[in-house]
Amino acid sequence: MNLVKRNFVFDFDSTLTSVEALDVLAEITLNGSPKKEEVIQEVTRITNQGIDGEMSFTESLEKRIRLLSAKKSDLPLLIEELKQKVSPSIERNKEFFESFSDDIYVISAGFKEFIDPIVAEYNIPSERVFANTFEFDTDGVIVGFDTQNPLSKHNGKIDCLKSLNLEGEVQVIGDGYSDAVTKEAGVADTFFAYTENVSRDKTIANADHITPNLDEFLYVNKLPRNLSYPKNRIKILLLENVHPDAFTKLTGDGFSVETVSRSLSEDELIEKLKDVHVLGIRSKTQVTRKVIEAAEKLMVVSAFCIGTKQIDLDACKENGVVVFNAPYSNTRSVVELAIGEIIMLMRSVFQRSTEIHNGQWNKTAQGSREVRGKKLGIVGYGNIGKQLSVLAEALGMDVYYYDVEDKLSLGNATKIDTLKELLNISDVVTLHVDDNSANKNYIGKEELAEMKDGAHLVNLSRGFVVDIEALVDALKSGKLAGAAVDVYPEEPRKNGEFYTELKGLDNVILTPHVGGSTEEAQRDIADFVPNKIMAYINSGNTVDAVNFPNIRLPKHKNAHRFLHIHKNVPGVMAKINKVLAKYELNITGQYLSTDEKVGYVITDVDKEYNQEVITKLKKVEGTIKFRVLY
């Protein structure tokens, strides 16, 4: 237990609030002025020069006040604006300020007239606020400030802290150079560079600790806080050029995110994941059992694509790692490519294009047919198959589909009972089956022989679904008139040279697994998947998890949330509740979901409890992973 008295000294502008107050005042006083933007930019420039020590602070204040032309009557509006601009992590940790108000001081080069009303709501009285004060003329116009106040001068915070002569440890938390120099001057024991709102190089260079939010500051000091573990300490690794919107969304929620443009080998991945909590990949990175078992901190693997074949789902489940994917986000992109390729195959567009690129003019209708009235056979009537069905019907095609499960048709599509029958009647067959290993060579020599002479095949599903050697034979023999292939049995992990036996066939359209690769799809995925990551990390929700029991929960308030992942064996829940009963925890909500291998139980309890209960819950037999959310 820490018996040394600690004093917490906070800056105001860009620390307790997310803005510089005089910049906001400029917005208010210059509203409607034709020179508003020009003046505001100048005010901001002078503010930064004063903060970074490039201009004397007295001169900085004088210049800004002259530019503002503000009145006393403007201050109530400024105060209301600032109340809406309190830094997010400050606001969510309001209880800290209320509980430790006797140890908290605000020392700012701002002004008491607007600081006092803001911090009063955080239980900080005016006598522990040290700041400048305005001077007004008889009309209430702000004409200056108290020049005798040390905070209006260079090194004012140093002089103020010296005069306070605080007993015990002094910790200064701020964003500016004037905060940083207090440590060098010997009036502060520790300086925390506060970067939630602004990050200044000179400030960071002099910091004992960089704190991106108040949660981090409270965590380092082992003080009560709203979040048990600061989000900035949760590390996320995004591979394979995941859309930048995902980075923006996750960093915006406070997580530390690293991006790598390529996929990683197994050994590279094991090394990289040592301190990573969330991994984001696309289709090339192989997340093997060896990788999962070596990644002790890993909580989530997210596939920024539809398929999860590249992830060992069983290993993830057994090690308490939740897997998310994006099953719907690129559906439209795949469907549009399928429609485009069907039309190009039926019209022999690829052959004509190749010929004219080679200088040949072959204007002919031979082998060029409309899609209207032709029979489209869809193998796999899931999200993509159904949407393709609707669009193809709108083009005038007769749509037939086959699925191993009983699926209701959309529009006028006709359900076919056997694959053989579908292949027999279709002018174009398009494949949209899942990545089940049982689907290997689903379309082989026998199936291709069942297709109509002169039919076309489109594969936008999985590479191993089609026997490539058999497809090559069918194309070379003229059994099939053409094919479009986007996926292959083996695909390289990075861009470069690639070979397939289909290369060079003039009636084959080849694309490098780009069915879902549109800007729109990648943006949608970069929105959908991060939402799932954040819902799990922030609240414990597992809705839409690929490998885990699904639980959707209300946001927890004024409670601790225990997240307990365990083997689904008899007696585990009884043991968990026995521990909770022993320590007399008041349970406000409990949610359990299981599958054949794991159980996932979430328990909300009152905030006050014996910390020993956490150790006991971690030791419950069958526990895989346990964490606490405040």
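Residues numbered from 1 in each chain as written. Predicted model: local features only at pLDDT ≥ 70, side-chain atom pairs only at ≥ 80, totals over all residues. Heavy atoms only, no water.

Draft legend 1. Here's a closer look at the overall build of the protein chain. A count of helical and extended segments in the protein chain gives 25 helices and 24 strands. When the backbone C-alpha atoms are referred to their principal axes, the protein chain occupies close to 95 × 70 × 45 Å. Counting across all 630 residues of the protein chain, residues that qualify as buried make up 52%. Put simply, 62% of the contacts in the protein chain that link residues at least 6 apart link residues at least 24 apart. Carbon and sulfur atoms form 47% of the exposed surface of the protein chain, whose accessible area is close to 29600 Å². Considering the protein chain, the positive charge centre built from 76 side chains and the negative charge centre built from 94 side chains are found 3 Å apart. (Helix = DSSP H or I, 4+ residues; strand = E, 2+ residues; numbered from the N terminus. Buried < 20%, exposed > 50% of the residue type's maximum accessible area, 1.4 Å probe, protein only. Contact = heavy atoms within 4.5 Å. Areas by Shrake-Rupley, 256 points an atom, 1.4 Å probe, with all protein chains shown as cover. Lys, Arg positive; Asp, Glu negative; His and termini not counted. Charge placed at Lys NZ, Arg CZ, Asp CG, Glu CD.)

Draft legend 2. Structural detail: unusual backbone geometry. Positive phi, normally seen in glycine, also occurs at Ser 14, with a value near 65 degrees. One non-glycine residue with positive phi stands out, namely His 513, at about 55 degrees. On the secondary structure map, His 513 appears in the loop between β20 (508-510) and α23 (519-539).

Draft legend 3. Expanded view of helix α4 (residues 57-68). The terminal C-alpha atoms of α4 lie 16 Å apart, and with twelve residues this matches the ideal 16 Å at 1.5 Å per residue to within 8%. Among all positions in α4, only Phe 57, Ser 60, Leu 61, Arg 64, Ile 65 and Leu 68 are buried. Viewed end-on, α4 has its buried residues packed into an arc of 120 degrees, placing them on one side of the element. Positive phi shows up at Ser 69, right after α4, with a value of about 50 degrees. (Expected span 1.5 Å × (residues − 1). Arc of directions from axis to C-beta.)

Draft legend 4. Looking closely at the sheet that holds strand β10 (residues 256-259). With parallel pairing, the five strands of this open sheet are ordered in space as β10-β9-β11-β12-β13. In the strand order of this sheet, the two ends are held by β10 and β13 (322-324), each with one partner. The sheet shows a mean angle of 15 degrees between the axes of neighbouring strands, taken without regard to direction. Direction of pairing for strand β11 (residues 278-281) relative to strand β12 (residues 300-303): parallel, over a ladder of four bridges. By the bridge assignment for β12, Leu 279 is matched with Val 301. (Pairing = 2+ DSSP bridges. Axes fitted to C-alpha atoms, helices over the stretch in contact; angles between N-to-C directions.)

Draft legend 5. Structural detail: the packing of helix α2 (residues 21-29) against helix α5 (residues 75-83). Relative to each other, α2 and α5 sit at 125 degrees, their axes nearing to 10 Å. As summarised for this structure, α2 and α5 are arranged oblique, according to the angle between their axes. Remark: the crossing between α2 and α5 carries right-handed chirality. Every residue of α5 that contacts α2 at Ala 21, Val 24, Leu 25 and Ile 28 is listed here: Leu 77, Leu 78, Glu 81 and Leu 82. (Parallel < 35°, antiparallel > 145°, perpendicular 65-115°, else oblique. Left-handed = near helix turned anticlockwise from the far one by under 90°.)

Draft legend 6. Here's a closer look at the UniProt feature "domain: ACT" (unreviewed entry) in the protein chain. When the UniProt feature table is mapped onto this chain, "domain: ACT" (unreviewed entry) is found at residues 561-630. Its end C-alpha atoms 6 Å apart, residues 561-630 is made of 26% helix and 44% strand. (UniProt positions renumbered as here; feature names shortened; annotations may be inferred.)

Draft legend 7. Region of interest: the packing of aromatic side chains. Under the definition given, this model contains 19 aromatic pairs. Measuring from ring centre to ring centre gives 6.1 Å for Phe 12 and Phe 114, while their planes differ by 45 degrees; the resulting arrangement is tilted. Here Phe 12, found in helix α1 (residues 12-16), pairs with Phe 114, found in helix α8 (residues 112-120); they are 102 residues apart in sequence, far enough to count as distant. For the pair Phe 12 and Phe 114, one class covers both residues: buried. Ring centres of Phe 562 and Phe 626 lie 5.7 Å apart, and the angle between their planes is 55 degrees; on these two criteria the pair is classed as tilted. Taken together, the positions of Phe 562 in strand β21 (residues 559-567) and Phe 626 in strand β24 (residues 623-629) put the pair 64 residues apart, joining distant regions of the chain. For Phe 562, a relative accessible area of 2% gives the class buried. On the basis of relative accessible area, Phe 626 is assigned to the buried category, the value being 13%. Three or more aromatic residues joined by ring pairs make a cluster, and in this case those are Phe 8, Phe 10, Phe 96, Phe 97, Phe 100, Tyr 122, Phe 192 and Phe 217. (Phe/Tyr/Trp six-rings, centres within 6.5 Å; stacked < 30°, edge-to-face > 60°.)

Draft legend 8. Empty space enclosed by the protein, seen in detail. Scanning the model with the defined rule gives four cavities of 30 Å³ or more in all. In this model, the second largest cavity occupies a volume close to 50 Å³. Leu 16, Val 86, Ile 90, Phe 97, Ile 118, Val 119 and Tyr 122 together form the lining of the second largest cavity. For the lining of the second largest cavity, the class distribution of residues is seven nonpolar, no polar and no charged. (1 Å grid on protein atoms, 1.4 Å probe; cavity = no way out; pocket = protein on both sides within 12 Å on 5 of 7 lines; lining within 4 Å. Points joined across faces, edges and corners; volume = space filled by probe spheres on them. Nonpolar A, V, L, I, M, F, W, Y, C, P; charged D, E, K, R; others polar.)

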